[in-house]
Amino acid sequence: MGERALSRRRALQASLAVGAGAAAAARASAPAAADEEAGHARPDGSYARNTELVGFTDMDRRPALKMAVREVAGRWYLYTGHQQHGGWSIVDVTDPARPRMVRFIKGPAHTLTLQMDLHGDTMVTALEKIFPEEADPDPGAPYEEGVLIWDIADPVRPRRLGHFRTGGTGTHRNLYPGGRYVHLAAGMPGHQGNIYVILDIADRSRPREAGRWWVPGQREDEAALRDGDTAWRPGHPAGCCAAPASVSLHGPPYPTRDGLVYLPYGGAGLIVLDISDVSRPRPVGRLSFSPPFHDHLGVHGVLPVPERGIAFANSENITYGEGPAHHASIVDISDPRKPYLLSLFPEPVPPPGAPYEDFTTRGGWRGPHNINHHQHHPAVRRQDGLFYIAHFNAGLRIYDVSNKRLPREVGFYMPPDPKERLGMLPVGDLVLQTDDVVVDRRGFIYISHKNDGVYIVRYTGPVPKEDR
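A.B. asks: So what's going on with the overall build of the chain? Which residues, and what values?
C.D. replies: Within the chain one finds one helix and 30 strands. Looking at the 468 residues of the chain, the share that counts as buried comes to 59%. Excluding contacts between residues fewer than 6 apart, the proportion of contacts in the chain whose partners are at least 24 apart in sequence is 55%. Counting only carbon and sulfur atoms, one obtains 53% of the accessible surface of the chain, whose full area is about 18,400 Å².

Structural data, given as structure tokens:
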């Protein structure tokens with residue numbers, strides 16, 4: 001281990017010790033109202049409100065992007081994908097104060113390996129063509145694409161079972177809720193942008209397409225649209241609403257138990273399909289967000305919570321402070337045919353003493369990115385009155401959503417800015433860029449970072465009545 005890594009680890013160990021002591025002292029001596037303060041700086045350069053740092057892993061200097069968590073026989077494992085360092089990592093987080101890297105699985109060359117999802121003993125990992133804005137020493141080199149199917153009965157020694165190829169650019173963010181079907185955001189031949197594909201993995205060694213759906217205008221040969229699609233027109237409940245370049249399924253597609261799937265479809269907004277017949281997905285409803293919000297990745301993620309009649313939705317803003325506003329929203333889905341906007345999350349405000357006036361001018365990407373999506377994982381904390389968002393240069397933000405008309409911020413954790421560039425992004429200033437968040441059933445919160453390791457924190461603030 002190099003001097004930089006040792007120094008980093010010592011600093012974080014000191015910060016953990018100081019932070020734990022300070023938090024204990026504060027809880028013992030301060031009135032409850034102190035939890036409502038605007039937040040404070042920590043010795044390591046981080047900022048926090050109603051959170052405390054529990055642990056950290058530098059991921060062997062391979063920044064993680066998307067994450068998933070799993071419990072097996074009393075042990076806890078964090079699975080991560082990587083952006084600049086192709087492959088996947090497994091970290092033992094049984095003791096979150098001492099996370100331990102146990103395996104790195106090298107991925108194929110010239111290929112993005114950002115994401116994985118899992119259920120039971122099956123894991124699905126995404127393979128995708130490298131984005132144009134990212135450096136590749138040989139941009140014309142062949143790449144792998146699609147999804148890999150793995151057996152993870154042995155949690156630290158995944159065994160590859162099958163490979164589904166799209167024949168196009170691969171897949172971005174997918175969802176596997178268990179059972180027979182995987183729900184893909186896939187770059188398929190003959191289409192612009194990613195479309196929705198349902199993958200049958202009943203035979204793990206021979207995955208096959210079971211159904212697909214796309215927004216009219218994505219298919220390059222419109223004359224070849226399926227029967228029934230010819231009725232699409234502007235104003236139809238899921239008709240195309242923006243320039244074709246902005247209409248792409250980011251994913252993950254999110255199925256619910258009532259036979260519906262919710263699609264975060266970029267400039268086309270939030271789209272609801274009936275997939276009771278997986279071979280012929282049928283449009284049910286749509287909610288447009290663009291305009292007034294920006295259209296590129298205008299709806300980046302969706303988390304439906306049908307039992308409460310709501311869904312959470314957010315955009316992804318990669319404009320470095322330019323263009324229309326981004327959003328994080330709560331949507332009424334009590335009638336999936338007619339979803340409507342209920343409320344908007346408040347924008348984060350820089351903590352006292354921060355050397356910038358707002359997050360738009362701070363540098364790097366800003367705005368919401370990923371949320372605690374994996375509600376189908378038994379090891380993940382169920383969505384309740386607290387909501388967690390990785391907010392790029394504003395770090396982890398935590399909201400009280402017990403009142404669906406009035407979400408309010410109740411906590412945050414902002415890791416220190418990185419000292420060394422480990423990836424291509426962000427362009428310009430090297431600032432905090434929080435990518436993903438996963439919250440395990442024990443209440444530990446994992447956040448990934450474009451140029452740093454994984455931070456493990458815990459929420460210490462007031463609990464909404466709904467959660468008591």
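A.B. asks: For unusual backbone geometry, give the residues involved together with the corresponding values.
C.D. replies: The omega torsion of the bond from G251 to P252 falls at 5°, within 30 degrees of zero and hence cis. Its place among the elements puts P252 in the loop between strand 16 (208–213) and strand 17 (254–255). Residue P291 is reached from S290 by a cis peptide bond, and omega for that bond is -5°. With respect to the element layout, P291 can be found in the loop between strand 20 (282–287) and strand 21 (301–305). One non-glycine residue, A73, adopts positive backbone phi at about 50°. Mapping A73 onto the fold places it in the loop between strand 4 (64–72) and strand 5 (75–82).

A.B. asks: A description of the side chain of H369 should follow, citing residues and the corresponding values.
C.D. replies: Counting through the fold element by element, H369 comes out in the loop between strand 24 (340–344) and strand 25 (386–390). Of the polar contacts made by the side chain of H369, one reaches the side chain of N370; its length is 3.4 Å. Discounting chain neighbours no more than four positions away, the residues touching H369 are H300, N314, E316, I389, A390, F392, T434 and D435.

A.B. asks: A description of the pairing of strand 19 (residues 270–274) should follow, citing residues and the corresponding values.
C.D. replies: Taken across its five residues, strand 19 has five buried, putting it largely inside the fold. Residues L270, V272 and D274 point to one face of strand 19 and I271 and L273 to the other, with burial holding for every one of them. Here strand 18 (residues 260–264) pairs with strand 19 via five bridges, running antiparallel. Bridge pairing links L263 to I271 in strand 19. Taking the residues between adjacent antiparallel strands as the criterion, strand 18 and strand 19 are bridged by five residues, where G266 takes a positive phi near 55°. Where strand 19 lies against strand 20, five bridges are found, and the strand directions are antiparallel. In the strand pairing of strand 20, L270 is matched with L287.

A.B. asks: I'd love a proper account of the sheet that holds strand 21, names of residues and values included.
C.D. replies: What the four strands build is an open sheet, ordered 21-22-23-24; its pairing is antiparallel. Whereas interior strands pair on both sides, the edge strands pair on one side only; in this sheet they are strand 21 and strand 24. Sheet twist, expressed as the mean angle between neighbouring strand axes with direction ignored, is 25°. One ladder, built from five bridges, connects strand 21 with strand 22 (residues 310–314); its direction is antiparallel. Opposite V302, over in strand 22, you have A313 as the bridge partner.

A.B. asks: Talk me through the sheet that holds strand 19; I want residue IDs and the actual numbers.
C.D. replies: Taken together, four strands build an open sheet; the order of strands is 17-18-19-20 and the sheet is antiparallel. Each of the sheet's edge strands pairs with one partner strand only, and the pair in question is strand 17 and strand 20.

A.B. asks: Give me the pattern of salt bridges: which residues, what numbers.
C.D. replies: Overall, the coordinates contain 22 salt bridges when judged by the stated rule. In this structure, E409 engages R397 in a salt bridge whose closest nitrogen and oxygen atoms are separated by 2.9 Å. Taken together, the positions of E409 in strand 27 (residues 408–414) and R397 in strand 26 (residues 396–400) put the pair twelve residues apart, joining distant regions of the chain. Here R397 falls in the buried class, since its relative accessible area comes to 0%. Note that R408 and D400 form a salt bridge whose closest N and O atoms lie 3.6 Å from each other. The exposure class assigned to R408 is partly exposed, which follows from its relative accessible area of 41%. By relative accessible area, which is 9% here, D400 ends up buried.

A.B. asks: Go over the environment of R204, please, and point to the residues and values.
C.D. replies: Residue placement: R204 occurs in the loop between strand 15 (195–200) and strand 16. As a C-alpha pair, R204 and T122 span 82 residues in sequence and 9.1 Å in three-dimensional space. With near-sequence residues (within four places) excluded, R204 lies in contact with T122, I149, L161, G162, Y176 and G179. Polar side-chain contacts of R204 include one of 3.1 Å to the side chain of T122.

A.B. asks: Tell me about the confidence of the model for the chain, and name the residues and values.
C.D. replies: For the chain, the mean per-residue pLDDT works out to 89, and 85% of the residues sit at or above 70. Every residue in residues 17–36 is under pLDDT 50, and counting partners more than four places away or in other chains gives twelve contacts. Under a pLDDT of 50 for its full length, residues 223–243 has, in the predicted model, 36 contacts with residues more than four places off or in other chains.

A.B. asks: How would you summarise the nonpolar core if you had to cite specific residues and measurements?
C.D. replies: Membership of the largest hydrophobic core comes to 30 residues, with the highest contact counts inside it found for L184, Y196, W213, L263, Y265, I271 and L273. Among the elements that take part in this core, strand 15 stands out by supplying five residues, more than any other. If we skip the residues at most four places from it in the chain, L263 touches Y196, W213, L249, P253, G269, L270, I271, L273 and V302.

Conventions adopted
Residues numbered from 1 in each chain as written. Predicted model: local features only at pLDDT ≥ 70, side-chain atom pairs only at ≥ 80, totals over all residues. Heavy atoms only, no water. Helix = DSSP H or I, 4+ residues; strand = E, 2+ residues; numbered from the N terminus. Buried < 20%, exposed > 50% of the residue type's maximum accessible area, 1.4 Å probe, protein only. Contact = heavy atoms within 4.5 Å. Areas by Shrake-Rupley, 256 points an atom, 1.4 Å probe, with all protein chains shown as cover. Polar contact = N/O pair within 3.5 Å; in protein donor to acceptor, adjacent residues only side chain to side chain. Pairing = 2+ DSSP bridges. Axes fitted to C-alpha atoms, helices over the stretch in contact; angles between N-to-C directions. Salt bridge = Lys/Arg side-chain N within 4 Å of Asp/Glu carboxyl O. pLDDT = per-residue confidence, 0-100. Core = buried A, V, L, I, M, F, W, Y, C linked by side-chain atoms within 4.5 Å.

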